[in-house]
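# Architecture and fold: a report
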Amino acid sequence: MRDLQAIDSWLLKELKACCAKEYNFLPREAGLKLMESASTENHSGVSAKCRNTRVEELWGLNSFFGYSTQTFVQAVNLLDRFLTTMKVQPKHLPCIGVCCLHIAAKMVEDESNVSPTNELIRISQSKFTVSDLCRMEKIISEKLSVEPVAVTAITFLHLYYPAFTSMSAEREEIPSIGRLEAQLKACLCRLVFSKAKPSVLALSLIAQEFEGLKSITLLKIVQQFQRHLKISDGDFLHWKELVAKCMTEYHSSECNKPDNKKLVWIVSRRTAQNLQANHFCVPGLPTIPEGSWDESESEDSCEDMSCGEESPCGSPGSDGEGAFFSSAFLNRKM
């Protein structure tokens, strides 16, 4: 089996450079402890439960707009860094969360794919305005000194993965990058994983997946990466156990995963009455006489009467191999 010396020198150089930068993008440990100790009834600060709920909703929005996993991970990183830097009231968290997603989308996605601010606010069913979002974006950018590219767990996941595909045996089955990305998103919905170094979290995800496959070849490569990055056995074991626990909960029946159902919008009584009134205003279509069908004219005379849209907002299908929408996101009122 090949060792790490056989890996492209550019990859090893990039890993070393990213490891040196990852500390610059970690949330403040003191702020993380404050969130963990805060209760949901305490309105003077954001609790871990409140933060986790918001991240799950960002996952739903990220999937709805078709943004990449990198955008979601970047948004969560911005959110955690801001929450651990500034004293935030829970009532401001919706605006901060949506703003972090919008900033991340502008950093990662093509300009043509970035949703307009008014559309983002409408779909998120938030009460703040476009002006509020713009002001919050300015505050977050100033406080965090937002850089074009942040070093996160997804950065290391994309660096590790090609090495495993190139160094593994020809018949060795390797989980898809989409599956690993989905597992990473599930972990980031829990505040505890914001304490992990991105390089360690990404390698722990891969190790946990490979241990389930019982692949000696792949696990040896994991060990070589661990030694190369100087990750202690105790630290590595700690995060692998937390990842395994998270994945057990994620794959349980209690986890609210997508089932390809459409978004269900709960509207007010007035809106429902207006929709019902508009329904009766639709003019009736002429009756098609039976027995007069001419197959030669079927393509010209037959007109598709379906609008082609079963839902005004479309159907947010499953994200990769495990994305889920939180029940709070699906059932909130407009």
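Above: the structure in question.
These notes cover the structure that comes with them. (Residues numbered from 1 in each chain as written. Predicted model: local features only at pLDDT ≥ 70, side-chain atom pairs only at ≥ 80, totals over all residues. Heavy atoms only, no water.)

## Quick look at the overall build of the protein
Looking only at helices and strands, the protein features 15 helices and zero strands. Sequence-distant contacts in the protein: of pairs separated by 6 or more residues, those separated by 24 or more amount to 80%. Surface exposure of the protein reaches about 19,100 Å², of which carbon and sulfur atoms provide 50%. (Helix = DSSP H or I, 4+ residues; strand = E, 2+ residues; numbered from the N terminus. Contact = heavy atoms within 4.5 Å. Areas by Shrake-Rupley, 256 points an atom, 1.4 Å probe, with all protein chains shown as cover.)

## Some remarks on the pattern of salt bridges
Within the structure shown, the criterion is met by eleven salt bridges. Among the ionic pairs, Lys33 bridges to Glu29, the shortest N-O distance being 3.8 Å. Note that Lys33 and Glu29 are positioned in helix α2 (residues 29-37) at a spacing of four residues, about one turn of the helix. In this structure Lys33 comes out as partly exposed when scored by relative accessible area, which is 48%. In this structure, the salt-bridge partner of Asp132 is Arg135, at a minimum N-O distance of 2.3 Å. With Asp132 and Arg135 both in helix α7 (residues 130-144) and three residues apart, this pair spans about one turn of that helix. (Salt bridge = Lys/Arg side-chain N within 4 Å of Asp/Glu carboxyl O. Buried < 20%, exposed > 50% of the residue type's maximum accessible area, 1.4 Å probe, protein only.)

## A word on the nonpolar core
The biggest cluster of nonpolar side chains holds 84 residues, and the ones touching the most others in it are Ile140, Tyr160, Phe164 and Leu184. Here Leu184 is in contact with Val73, Ala153, Ile154, Leu157, Leu201 and Leu205, once residues within four sequence places are set aside. (Core = buried A, V, L, I, M, F, W, Y, C linked by side-chain atoms within 4.5 Å.)

## A closer look at the packing of helix α3 (residues 48-64) against helix α5 (residues 93-108)
Here α3 crosses α5 at 40 degrees, and the two axes come no closer than 10 Å. Compared by their axis directions, α3 and α5 come out oblique. Seen along the crossing, α3 lies across α5 with a hand that is right-handed. From α3, Cys50, Arg51, Arg54, Leu58, Leu61 and Asn62 reach across to α5, where they touch Leu93, Pro94, Gly97, Val98 and Leu101. A per-class count over the contact of α3 with α5 returns seven nonpolar, two polar and two charged. (Axes fitted to C-alpha atoms, helices over the stretch in contact; angles between N-to-C directions. Parallel < 35°, antiparallel > 145°, perpendicular 65-115°, else oblique. Left-handed = near helix turned anticlockwise from the far one by under 90°. Nonpolar A, V, L, I, M, F, W, Y, C, P; charged D, E, K, R; others polar.)

## Notes on helix α12 (residues 233-250)
Along its 18 residues, α12 runs 25 Å from first to last C-alpha, staying within 8% of the 26 Å computed at 1.5 Å per residue. Within α12, burial applies to Phe236, Trp239, Lys240, Val243, Cys246, Met247 and Tyr250. Take α12 and look down its axis: the buried residues cluster within an arc of 125 degrees, on one side only. Structural note: α12 exposes Asp233, Gly234, Lys245 and Thr248 on the side pointing more than 90 degrees away from its buried face. Residues of α12 that are buried make contact with α3, α9 (177-188), α10 (198-213) and α11 (216-228). (Expected span 1.5 Å × (residues − 1). Arc of directions from axis to C-beta.)

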